[in-house]
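Examination of the molecular architecture
So you can see what is in the structure, the chains are spelled out below.
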Amino acid sequence: MIGIEDALTPHPRLRVAICGAGVAGLTLAAALSRTSDFDVALYDAAPELARAGPAVGLWPRAWQAANAMGLAHALAPAAIVPPDRLVPVAFDFRRGDRAHGGAAAPQLVTPGMISFPRQDFQRALLSLVAGSCGLHPGKRLVSFSQRTSAPEPVQLFFEDGSLATCNVLVGADGVDSTVRACMARAVADELTAAGEAPAAQAALHAARAQWSGTTVYQATVASDALREKSPEHRVLTTPQVYLGKDAELTAYPIARGSRVSIAAFVVRPGSSEEARSDEPHEADAPREELALAFGGWEPEVQALLDCVASARRWAVHTTAPLRSFAHRRVVLLGDAAHAMTPYQGAGAGQAVEDAYILSALLTHPATTAHTAERAAAVYDAVRRPEAQRVAEVSREAGQLYTFNYPDLVPDPESDGEEMLQETYERIRRGWEWAWESSARPDLERAVAMLEGRVPIST
Ligand SMILES: Cc1cc2nc3c(=O)[nH]c(=O)nc-3n(C[C@H](O)[C@H](O)[C@H](O)COP(=O)(O)OP(=O)(O)OC[C@H]3O[C@@H](n4cnc5c(N)ncnc54)[C@H](O)[C@@H]3O)c2cc1C
């Protein structure tokens, strides 16, 4: 039998299995690896850990959480710009979906995002867990089972026929989470047995990932090529956000100005998962696809897209708001719990915050194999409302950026300056939580709940 029975600690206080070694799973494993009386096993379906993917960007709130978990020293060298050398970045907003363009105005000043090549971010965390956690690449979880009473172990079943046990199972297995699906089946069975068939159906439905209606394209272009086409192009010096009906394009200089990064968002409002269920979540896209999506937009946008050789495309899938992130001794972390649209660049940051709260609860002296269920319930009470609020802010930001926000849809023909200013202002206010608040009060509330000083409630 392969699994956490290959214990690294002779008499562990808690045996934690983490399913999924992405941003969420690795961050939690790294935070737990500092605790000597834990056995932590990390399983991932992929044969190789720390694979490439879109850059990981953390806003200050998530970076503070990483720092509080003691991870900043390992992560900082992997950052594209060292966190202590970050400078504020001001984005101009501009209506771009008409041939004559729109007036630009500086609308959003961010403190800067701490960005990492995804592989480097994950490798830095892997370096912390190697030696202290059991690493099991190539292990795809297919299901789990748990009895009602602790400390009966949770049993894990893998595709290769092997099994393992643990006291706490953490489902960090991404947007198409097996742990979430399995948890939903267990919850639905209990609801059905209690005579609550509609709630059981709802629980099963909520566990399915859905296409959000958004497709994201990412590409970079050489600044020299852009300069040749459009010598005065404002993106060469100033980050721009071009807004328009059913699409948005953000572009800004990177690599000391030698390249321009482009993130383009195209939405099909009102679409459902059926509309794209046959498409892969991620694929290469020819530049023609982007050109078609932004046909009729202003010359600046066309100049940018003319320089794109090819792009990477993501059909963004999300989870519906779950009724719980925990069921007994099984919890969900990261995209498995709250996959969200990328309009606030917050998915990975929210995974880091999950790990911040959960690691504090699991390593608290009050948490043992007998009491782990209480820690899971507190995690749910504290993290679920916050993560679901951020997901909702991100959804609304998407509506604002793409002129789909109810009662705030600028006229396609007129300049609609007042409505545009209101849109920009709401977008700006929507961002504030990311750098003007902290996850520290959530942590303090979670510990107070675990210690019984305040009731467990959302
Ligand atoms: C284009 C794009 C740009 C983004 N930009 C940002 C950004 O700037 N900032 C930000 O905060 N977020 C961003 N995000 C979101 C962010 O990438 C995700 O929220 C984050 O990667 C989620 O991490 P995760 O660990 O929960 O899931 P994942 O990264 O999906 O990891 C899940 C892991 O689980 C494994 N797995 C799956 N099923 C099983 C199984 N059955 N058994 C075992 N292992 C399994 C997978 O192999 C994988 O390694 C962006 C997303 C996209 C698409």
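Residues numbered from 1 in each chain as written. Predicted model: local features only at pLDDT ≥ 70, side-chain atom pairs only at ≥ 80, totals over all residues. Heavy atoms only, no water.

Comments concerning the packing of helix 2 (residues 60–68) against helix 11 (residues 347–363)
The contact between helix 2 and helix 11 brings their axes to 9 Å, and the two run at 35 degrees. Remark: the crossing between helix 2 and helix 11 carries left-handed chirality. Counted together, R61, A62, A65, A66 and A68 of helix 2 and G349, V352, E353 and Y356 of helix 11 form the full contact between these two elements. Among the residues forming the contact of helix 2 with helix 11, the class breakdown is 6 nonpolar, 1 polar and 2 charged. (Axes fitted to C-alpha atoms, helices over the stretch in contact; angles between N-to-C directions. Helix = DSSP H or I, 4+ residues; strand = E, 2+ residues; numbered from the N terminus. Left-handed = near helix turned anticlockwise from the far one by under 90°. Contact = heavy atoms within 4.5 Å. Nonpolar A, V, L, I, M, F, W, Y, C, P; charged D, E, K, R; others polar.)

Here we look at the packing of aromatic side chains
For any pair of aromatic rings, the description rests on two quantities: the centre-to-centre distance and the angle between the ring planes. For the structure on display, the rule yields 13 aromatic pairs. Taken together, a centroid distance of 6.1 Å and an interplanar angle of 35 degrees make the contact between W63 and F116 tilted. Placement of W63 in helix 2 and of F116 in strand 6 (residues 114–116) is noted, with a sequence separation of 53 residues between them. Residue classification places W63 among the buried positions, given a relative accessible area of 12%. (Phe/Tyr/Trp six-rings, centres within 6.5 Å; stacked < 30°, edge-to-face > 60°. Buried < 20%, exposed > 50% of the residue type's maximum accessible area, 1.4 Å probe, protein only.)

Brief notes about empty space enclosed by the protein
Counted under the stated rule, the structure contains 1 cavity of 30 Å³ or more. For the largest cavity, the calculated volume is near 60 Å³. If you trace the largest cavity, you find it lined by W59, R61, A62, G345, A346, G349, Q350, E353, W433 and A434. Looking at the lining of the largest cavity, the elements with two or more residues in it are helix 2, helix 11 and helix 14 (433–436). A per-element tally of the lining of the largest cavity places helix 11 first, with 3 residues. Of the residues that constitute the lining of the largest cavity, the class distribution is 5 nonpolar, 3 polar and 2 charged. (1 Å grid on protein atoms, 1.4 Å probe; cavity = no way out; pocket = protein on both sides within 12 Å on 5 of 7 lines; lining within 4 Å. Points joined across faces, edges and corners; volume = space filled by probe spheres on them.)

Some words on the packing of helix 12 (residues 372–401) against helix 13 (residues 417–431)
Orientation of helix 12 relative to helix 13, taken along the N-to-C sense of each, is 155 degrees, at an axis distance of 10 Å. Taken together, the axis directions place helix 12 and helix 13 in an arrangement best described as roughly antiparallel. Our pair here, helix 12 against helix 13, has a crossing hand that is left-handed. Where helix 12 abuts helix 13, its residues V393, L400 and Y401 lie against T423, R426, I427, G430 and W431. In terms of residue class, the contact of helix 12 with helix 13 is built from 5 nonpolar, 2 polar and 1 charged. (Parallel < 35°, antiparallel > 145°, perpendicular 65-115°, else oblique.)

Regarding the side chain of S359
With respect to the helices and strands, S359 occurs in helix 11. For S359, the side chain forms a polar contact with the main-chain oxygen of A355, separated by 2.7 Å. When sequence neighbours within four positions are dropped, the list of residues in contact with S359 reads L28, A31, L32 and M69. (Polar contact = N/O pair within 3.5 Å; in protein donor to acceptor, adjacent residues only side chain to side chain.)

Some details on the pattern of salt bridges
Here the structure, examined in full by the defined rule, presents 28 salt bridges. A salt bridge links D224 to R227; its shortest N-O distance comes to 2.8 Å. With D224 and R227 both in helix 7 (residues 223–229) and 3 residues apart, the pair spans about one turn of that helix. For D224, a relative accessible area of 54% puts it in the exposed group. As a salt-bridge pair, R440 and E444 come within 3.1 Å of each other at their nearest N and O atoms. Remark: E444 and R440 occur in helix 15 (residues 440–450); sequence separation between them is 4 residues, near one turn of the helix. Residue R440 is classed as partly exposed on the basis of its relative accessible area, which comes to 44%. Among the charged side chains, a network of salt bridges with common partners joins R61, E353, D354, R383, E386, R389 and D442. (Salt bridge = Lys/Arg side-chain N within 4 Å of Asp/Glu carboxyl O.)

Keep in mind that these numbers describe shape and distance, not what the molecule does.
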